[in-house]
Amino acid sequence: MSCGNHHDTPCSEVLDRVYTYLDGELDRDRIAEIRKHLDECGPCLEEYGLEEAVKRLVAKHCGCDPVPQDLRSKVLTRIEQVRAEMAD
């Protein structure tokens, strides 16, 4: 996805990092880059809002069950595959 406008941090990079951003797994510089981009880019902000809603829903219904690292990796890989297919 791209809004067509120039940003210091490309839309594709922001959307690739949405989950790590939501999980608080980025350093301060990356967090600032993502926030700045979301402030400037409506399409990414909309996508972020959807991702955040999904994450809250999953957290609400799944409680504190730990997620196996291999499952997390598989899900993230599949998300990247779907995004690549959508970009074609």
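Residues numbered from 1 in each chain as written. Predicted model: local features only at pLDDT ≥ 70, side-chain atom pairs only at ≥ 80, totals over all residues. Heavy atoms only, no water.

Some details on the overall build of the chain
1) Next: Helix and strand content of the chain: five helices and zero strands.
2) Next: Ordering the α and β elements of the chain from the N terminus gives α-α-α-α-α.
3) Next: Per-residue burial for the chain yields a buried fraction of 19% across its 88 residues.
4) Next: The long-range share in the chain, meaning contacts at least 24 apart out of those at least 6 apart in sequence, stands at 61%.
5) Next: Here the chain displays about 6,600 Å² of accessible surface, and carbon together with sulfur accounts for 53% of that area. (Helix = DSSP H or I, 4+ residues; strand = E, 2+ residues; numbered from the N terminus. Buried < 20%, exposed > 50% of the residue type's maximum accessible area, 1.4 Å probe, protein only. Contact = heavy atoms within 4.5 Å. Areas by Shrake-Rupley, 256 points an atom, 1.4 Å probe, with all protein chains shown as cover.)

Some details on the confidence of the model for the chain
If pLDDT is low for a region, its predicted coordinates should not be looked at in detail.
1) Next: Confidence along the chain averages 80 in pLDDT terms, with 90% of residues attaining 70 or more.
2) Next: Summarising per-element confidence for the chain, the mean pLDDT is lowest in helix α4 (residues 42–62) (75) and highest in helix α3 (residues 28–40) (88). (pLDDT = per-residue confidence, 0-100.)

Digging into the nonpolar core
1) Next: Membership of the largest hydrophobic core comes to 13 residues, with the highest contact counts inside it found for Tyr21, Ile34, Leu38, Cys44 and Tyr48.
2) Next: Excluding its chain neighbours within four sequence positions, the residues that come into contact with Tyr48 are Val18, Tyr21, Leu22 and Leu38. (Core = buried A, V, L, I, M, F, W, Y, C linked by side-chain atoms within 4.5 Å.)

Focus: the pattern of salt bridges
Pairs may arise between side chains of opposite charge once their charged atoms sit close together.
1) Next: Counted under the stated rule, the structure contains nine salt bridges.
2) Next: In this structure, the salt-bridge partner of Asp8 is Lys36, at a minimum N-O distance of 2.8 Å. Placement of Asp8 in the segment before α1 (11–16) and of Lys36 in helix α3 is noted, with a sequence separation of 28 residues between them.
3) Next: The salt bridge partner of Lys36 is Glu40, with a shortest N-O separation of 3.7 Å. Residue Lys36 and its partner Glu40 are both found in helix α3; the two are separated by four residues, about one turn of the helix.
4) Next: Accessibility expressed as a relative area gives 43% for Glu40, which makes it partly exposed. (Salt bridge = Lys/Arg side-chain N within 4 Å of Asp/Glu carboxyl O.)

Digging into the state of the cysteines
1) Next: One pass over the structure, following the stated rule, counts zero disulfides.
2) Next: Of all cysteine sulfurs in the structure, the one in Cys41 sits closest to Cys44, which takes part in no disulfide; the separation is 3.6 Å. (Disulfide = S-S within 2.5 Å.)

A word on α3
The periodicity of an α-helix, 3.6 residues per turn, causes residues three or four positions apart to be oriented the same way.
1) Next: Under the 1.5 Å per step criterion, the end-to-end length of α3 is 18 Å for 13 residues, consistent within 8% with the ideal 18 Å.
2) Next: All of the buried residues along α3 are Ile31, Ile34, His37 and Leu38. Projected down its long axis, α3 shows its buried positions confined to an angular sector of 130 degrees, all on one face. Along α3, the residues that are exposed and aim more than 90 degrees away from the buried face are Arg28, Asp29 and Asp39.
3) Next: The distance from a side-chain oxygen at the start of α3 to the backbone nitrogen of Asp29 is 3.1 Å, and the residue carrying that oxygen is Asp27. (Expected span 1.5 Å × (residues − 1). Arc of directions from axis to C-beta. Polar contact = N/O pair within 3.5 Å; in protein donor to acceptor, adjacent residues only side chain to side chain.)

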